[in-house]
Amino acid sequence: MNKLIISPSPHVHGGDSIERNMYGVLVALLPALLCSILFFGWGALYVTIAAVASAMLFEYAIQRYLLKQPATIDDGSAVITGVLLAFNLPSTIPLWLVMLGALVAIGIGKMSFGGLGNNIFNPALVGRVFLLISFPVQMTTWPVPRGFETTDAVTGPTPLVFVKQALREHKPFVEVFSPAGGGRDLLDLGTGSGIGGSLGEIAAFALLLGFAYLLIKRVITWHIPVSIFLAIALFSGILHWIDPAYAGPLFHLLSGGVMLGAIFMATDYVTSPMSPRGMWIYGTGIGALTIIIRNFGAYPEGVSFAILIMNAFTPLINKYCKPKRFA
Amino acid sequence: MLKTFTPGGIHPPADKLSSREATVPLPLPERVAIPLSQHIGVPATPLVKKGDRVKAGQLIGEAVGPISANVHSSVSGTVLDIEAVVDASGYARPAVVIRVEGDEWDASVSRQESPGRHLSAFSREEILAAIQAAGIVGMGGATFPTRVKLSPPPGSEPGLLIINGVECEPFLTADHRLMIEKSRELLIGTRFLMKALGVEQAVIGIENNKPDALAGMREAVMKHALGIEVCPLKVKYPQGGEKQLIRAITGRRVPPGALPISVGVVVHNVGTVYAAYEAITMHKPLVERVVTVTGKSLSRPGNYLCRVGTPVACLIEAAGGLPGDTGKVIAGGPMMGKALTSTAVVVTKGTSGVLVIPESEARRQPARDCIRCTKCVKACPMGLEPYLLMTLGEYRQTEALERARVMDCIECGSCNFTCPAHRPLLDIIRLGKSRVGQLMKTRKPS
Ligand code: SF4
Ligand code: SF4
């Protein structure tokens, strides 16, 4: 008789895999990618391809030649880092900067900690913040979306610039951010038409579609995105109620990187808390910090910093927030 | 809304291939090996020696001390030897090996139900004595002596008896068939146990993926109207876990380290109830049980009434023979069963099934680094953090493990089942549990 295999229970597995989840995230990012190509033209595609290719290349090279480990680039996580990094960049950014960002994201943000599962900070955000601090001009030159017709890129302010402008001039935000004042309709924020910004900061609706997909496929739970949305709505609502010069909840939710950050970056498995209670604290923290930075900070956008700061708190949150025990 | 438990739980594919196969008696094997330790507690002392002639139902091993169980011969024949035989745990333990000759039963065992006595005439003491004599143990797999479970510690007040008809393990259908084929007997057995415990109320928990068993038991309850209730449950693994079942049916939570009686509940498996019925009404000891023989590559998965001590190979033979591509043979279900070292391992009182897994599905996939996806946390029915228990176990942080409540783990395997990184969570948690157990022992005297 052939030898029987002996192993401890359980003897079956549900069939879930790292790949299934990672590729699930990529599928969820597709609608937003399509939108950004539609709005920003081929530039968006080039930036994305450059980011993904260099993220995969650097991960492979570091694993093969530096760490001498088997390469795991096929698990999809480097692809996600690449796409998310690209989504945080303007479509007109020089490609060598994209590659540099990917090197920092993968090399410092991920592999220096020991690779997937061991990093503390979201790798894509590490790359983005590095670029933002080192190359502020290139990183804040936002093209206005003109689809494929663009001959010379026209740059313009992102809607978030109006937040500080309204505060400076101390005028009600709705007045400053109106088509007459150089702003847009709130609805445009949702569809992304005519809004300046990074690849993934436009088209909130496409990102929400991805959110629905992630929930249906059980890749993530709703806790983190929803708590971020609620916190942003709450804190911006309070400020707006105190003084209308502060932008209201809807504007803050639909503009900038909130959707992208809340749905795709704050929910990164490795760098977010493990229990529902912890997720609420983490999400609320991100929402609050975002509103603080946007209204009182030096930068117009605060989602990336807010997520990175809360990433740093995640081990602490995990230590003190335990799941509900059986009894 | 159907009842179920929280937190956690998973939905493995049911794969109940044999749920429509009526139970058939398995032909007697040529020889049996009856382990003296088929229960939790002290092994029984052998009462026979090499060369003795025994009859089916004859006492061959006597219980030692309060936590132990009698062992009876399941066949008639000649004792060949008492020798160490490898059992499902992988260890060799003393067993009485008997060559089967004919099928003669001990005179004390009657072939019909309680000749000349009304069923309500049995006293509490008689019931307990019959269960004790028959060597009945928990037949859902726990194999804890039933007599002990029916004698709650002084000061505790049992108020409810729960009959576990959940059978949440994939593939297994032995309890399912019992509920369809023996619904009346199960109700009588339940009444006996209620009387033994002094409770007025009993609930039979059945998951709603067994509509025929639910309907059968409900009909029987209506006919006999005996203060017994049938409770349909929403399918979720591990609902058959004692604590989960109590939570699902009553909403009560058994505290860590405590027994169900601390919330006034006692749980018995349907197989145990049937064995109690036979013991009380026919004086029949626990020498045979229904075993599901199943697996996707078997040609005839089915349910067999099988004598204790029968080699698993005989069951597999009856189910069409061991397929050539077999990789693993499991005693029990795929979630909590034990992989056997060979098909010579015998059926014991706690063997609910034999599952054959083809080679292609028998191996685990290589483990990767934990990606902290929280899926194991969501799956854990005890509200633990399996990923953390695993990490603490790997770093041998025994005290931290104890604080993280590793001892609450019921070893259901839900965490392993869900982990996308294929981490061997439960393997490491088991090691951690045994280390914490040792640590607790060293502390006890102080
Ligand atoms: S399910 Fe596996 S990968 Fe996910 S957190 Fe648990 S151990 Fe880590
Ligand atoms: S085996 Fe233990 S830790 Fe894993 S899910 Fe079950 S109870 Fe939780």
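Here, residues in each chain are numbered from 1, in the same order as that chain's written sequence. Labels are handed out in written order, letters beginning with A for the chains and numbers beginning with 1 for the ligands. Only residues with pLDDT of at least 70 are given local features in this predicted model, and only at 80 or more are side-chain atom pairs given and counted; all residues enter the totals for whole chains, interfaces and linings. Note: side-chain values were computed over all heavy atoms of the structure, leaving out hydrogens and water.

A. Structural context of the overall build of chain B. Secondary structure elements are defined from DSSP: runs of H or I of at least 4 residues count as helices, runs of E of at least 2 residues count as strands, and each element is numbered from the N terminus. Looking only at helices and strands, chain B features 14 helices and 17 strands. Only the C-alpha atoms count toward the radius of gyration. The rule for a globule is 2.2 Å times the residue count to the power 0.38. Taking 446 residues into account, the globule formula puts the C-alpha radius of gyration at 22 Å, and chain B, at 22 Å, falls close to it. The rule is simple: take the accessible area with a 1.4 Å probe, protein chains only, and divide by the maximum for that residue type; under 20% is buried, over 50% is exposed, in between is partly exposed. Classification of the 446 residues of chain B by burial places 58% in the buried group.

B. Layout of the site of ligand 1. Taken together, 13 residues surround ligand 1, and among them C370, I371, C373, C376 and C419 of chain B come closest. Mapping the residues near ligand 1 onto chains gives chains A and B. Each residue receives one of three labels: charged for Asp, Glu, Lys and Arg, nonpolar for Ala, Val, Leu, Ile, Met, Phe, Trp, Tyr, Cys and Pro, and polar for the others, Gly being one of them. Across the shell around ligand 1, the residue classes break down as 10 nonpolar, one polar and two charged. Nearness is defined per residue: one heavy atom within 4 Å of the molecule or strand is enough.

C. Up close: a nonpolar patch on the surface. Residue and element names in this part refer to chain A. Grouping into patches uses exposed residues only, defined as over 30% relative accessible area, and leaves out salt-bridged ones; the cut-off is 9 Å for like charges and 5 Å for nonpolar side chains (Val, Leu, Ile, Met, Phe, Trp, Tyr). For the area figures, the Shrake-Rupley method with a 1.4 Å probe applies, and any residue is considered shielded solely by the protein chains shown. Definition used for salt bridges: Asp or Glu carboxyl oxygen within 4 Å of a side-chain nitrogen of Lys or Arg. Taken together, the side chains of L215, W222, L230 and W280 define a hydrophobic patch exposed on the protein surface, amounting to about 360 Å² of accessible area. Mapped onto the elements, L230 comes out in helix α11 (residues 223-242). Relative accessible area serves as the criterion here: at 48%, L230 is assigned to the partly exposed category.

D. The site of ligand 2, seen in detail. All names here are of chain B. Taken together, 13 residues lie around ligand 2, and C380, C409, C412, G413 and C415 are the ones closest in. Those elements that provide at least two residues to the shell around ligand 2 are α13 (414-418) and α14 (425-443). Of the residues belonging to the shell around ligand 2, the class tally is 10 nonpolar, two polar and one charged.

E. Examining the interface of chain B and chain A more closely. Contacts are residue-level and defined by heavy atoms, with any inter-residue pair within 4.5 Å sufficient. With 63 residues of chain B at the contact, the number on the chain A side is 41 residues. Counting each side, the surface lost to burial between chain B and chain A is near 4200 Å², with a carbon and sulfur contribution of 56%. Considering only the side of chain B, the residues that lose the most area to chain A are R368, I371 and R372 of chain B, jointly responsible for 15% of the buried surface there. By the criterion applied in these results, polar contacts are pairs of N or O atoms within 3.5 Å in which, for protein atoms, one can donate a hydrogen and the other can accept it, and in which residues neighboring in sequence qualify only through two side-chain atoms. On the surface where chain B and chain A come into contact, there are 21 residue pairs in polar contact (both at pLDDT 80 or more). Of all the secondary structure elements, the ones that give two or more residues to the side of chain B that touches chain A are α6 (242-250), β15 (326-331), β16 (338-339), α9 (359-362), α10 (375-379), α11 (386-394), α13 and α14 of chain B. Looking at the side of chain B that touches chain A, the element that brings in the most residues is β15 of chain B, giving five residues. A per-class count over the side of chain B that touches chain A returns 29 nonpolar, 16 polar and 18 charged. Buried area is understood as the total, over both parts, of accessible area removed when two parts are fitted together, assessed with a 1.4 Å probe.

F. Seen up close, the pattern of salt bridges. Taken as a whole and judged by the stated rule, the model has 26 salt bridges over all chains. Where E19 of chain A meets R368 of chain B, a salt bridge forms, and the shortest distance between an N and an O atom there is 2.9 Å. Taken as a pair, E19 of chain A in helix α1 (residues 18-40) and R368 of chain B in the loop between α9 and α10 lie in two separate chains rather than in one. Across the pair R430 of chain B and E411 of chain B runs a salt bridge, and its minimum N-O distance is 2.9 Å. Of this pair, R430 of chain B sits in helix α14 while E411 of chain B sits in the loop between α12 (398-403) and α13, and the two are 19 residues apart along the sequence. A relative accessible area of 23% places R430 of chain B in the partly exposed class. Overlapping salt bridges bring together D103, E278, K284, E288 and R307 of chain B as one network.

G. Local environment of the packing of helix α2 (residues 42-66) of chain A against helix α4 (residues 95-110) of chain A. Residue and element names in this part refer to chain A. Between α2 and α4, whose axes approach to 8 Å, the crossing angle comes to 40°. Taken together, the axis directions place α2 and α4 in an arrangement best described as oblique. Judged by the sense of rotation from one axis to the other, the crossing of α2 with α4 is right-handed. Residues Y46, V47, A50, A51, S54, A55, F58, E59 and I62 of α2 form the contact with α4, whose participating residues are L95, V98, M99, A102, L103, I106, G107 and K110. Taken together, the residues of the contact of α2 with α4 sort by class into 13 nonpolar, two polar and two charged. Orientation is described by axes fitted as lines to C-alpha atoms, over the contacting stretch for helices, and by angles from 0 to 180 degrees between their N-to-C directions. We call two directions roughly parallel when the angle between them is under 35 degrees, roughly antiparallel when it is over 145, roughly perpendicular when it lies between 65 and 115, and oblique otherwise. Each crossing is labelled by how the near helix is turned from the far one, with a counterclockwise turn of less than a right angle marking it left-handed and a clockwise turn marking it right-handed.

H. Fine view of the packing of aromatic side chains. Centres within 6.5 Å make a pair out of two Phe, Tyr or Trp rings, where for Trp the six-membered ring is used; the pair is then stacked when the planes are under 30 degrees apart, edge-to-face when over 60, and tilted otherwise. Inspection of every chain in the model, using the stated rule, returns seven aromatic pairs over all chains. With 5.8 Å between their ring centres and 90° between their planes, W96 of chain A and F135 of chain A make a pair best called edge-to-face. Here W96 of chain A is found in helix α4, whereas its partner F135 of chain A is found in the loop between α5 (123-134) and α6 (136-139), with 39 residues between them in sequence. The exposed category is assigned to W96 of chain A, whose relative accessible area is 51%. Here F135 of chain A falls in the buried class, since its relative accessible area comes to 18%. Ring centres of F122 of chain B and F192 of chain B lie 5.6 Å apart, and the angle between their planes is 85°; on these two criteria the pair is classed as edge-to-face. Taken as a pair, F122 of chain B in the loop between β8 (92-100) and α1 (124-133) and F192 of chain B in helix α4 (residues 183-197) lie far apart in primary sequence, 70 residues in all. For the pair shown, F122 of chain B and F192 of chain B are each scored as buried. Look at NZ for Lys and CZ for Arg. If either is within 6 Å of the ring centre and within 35 degrees of the ring normal, a charge sits over the ring. Geometry around F5 of chain B places K236 of chain B over its ring, the cationic atom sitting 4.6 Å from the centre. When the ring centre of F326 of chain A is taken as origin, the NZ or CZ atom of R247 of chain B, which lies over that ring, is 5.0 Å away.

I. View of the sheet that holds strand β1 (residues 24-25) of chain B. Strand order in the open sheet formed by six strands is β1-β14-β13-β17-β15-β16 (chain B), with mixed pairing between adjacent strands. The open sheet terminates on both sides in strands that have one partner only, identified here as β1 and β16 of chain B. Between any two strands, at least two bridges found by DSSP are needed for them to pair.

J. Geometry of the domain arrangement of chain B. Residue and element names in this part refer to chain B. Taken domain by domain, chain B comprises domain 1 (24-100), domain 2 (119-282), domain 3 (288-362) and domain 4 (375-442). These domain limits were set by an automatic method or by a database of domain assignments. Taking the mean C-alpha position of each, domain 2 and domain 4 sit 30 Å from one another. On the domain 4 side, the residues contacting the five residues of domain 2 number seven residues. In this assembly, domain 2 packs against domain 4 so that about 470 Å² is buried in total across both faces, 60% of it on carbon and sulfur atoms. The largest per-residue losses of area from domain 2 upon contact with domain 4 belong to Y237, Q244 and P256, which jointly make up 67% of the total buried on that side. Across the contact surface, domain 2 and domain 4 share zero salt bridges. Linking domain 2 to domain 4 there are two residue pairs in polar contact (both at pLDDT 80 or more). Across the side of domain 2 that touches domain 4, the residue classes tally to three nonpolar, one polar and one charged.

K. Region of interest: the environment of R253 of chain B. Inspection of the secondary structure puts R253 of chain B in the loop between α6 and β12 (265-269). Assessed through its relative accessible area of 43%, R253 of chain B is described here as partly exposed. The sequence separation of R253 of chain B and K243 of chain B amounts to 10 residues, and the corresponding C-alpha distance is 7.0 Å. What R253 of chain B contacts, discounting residues up to four positions off in sequence, is R325, F326 and A327 of chain A together with R247 and V263 of chain B.

L. Summary view of the domain arrangement of chain A. Residue and element names in this part refer to chain A. Domain parsing of chain A yields domain 1 (19-139) and domain 2 (161-195 + 220-320). Spacing between the C-alpha centres of domain 1 and domain 2 amounts to 23 Å. Counting from both sides, the interface comprises 23 residues of domain 1 and, opposite them, 18 residues of domain 2. The contact between domain 1 and domain 2 buries some 1700 Å² in all, and 74% of this surface belongs to carbon and sulfur atoms. On inspection of domain 1 and its partner domain 2, the count reaches zero salt bridges. Taken together, domain 1 and domain 2 are joined by four residue pairs in polar contact (both at pLDDT 80 or more). For the side of domain 1 that touches domain 2, the secondary-structure elements that each account for two or more residues are α1, α3 (77-87) and α5.

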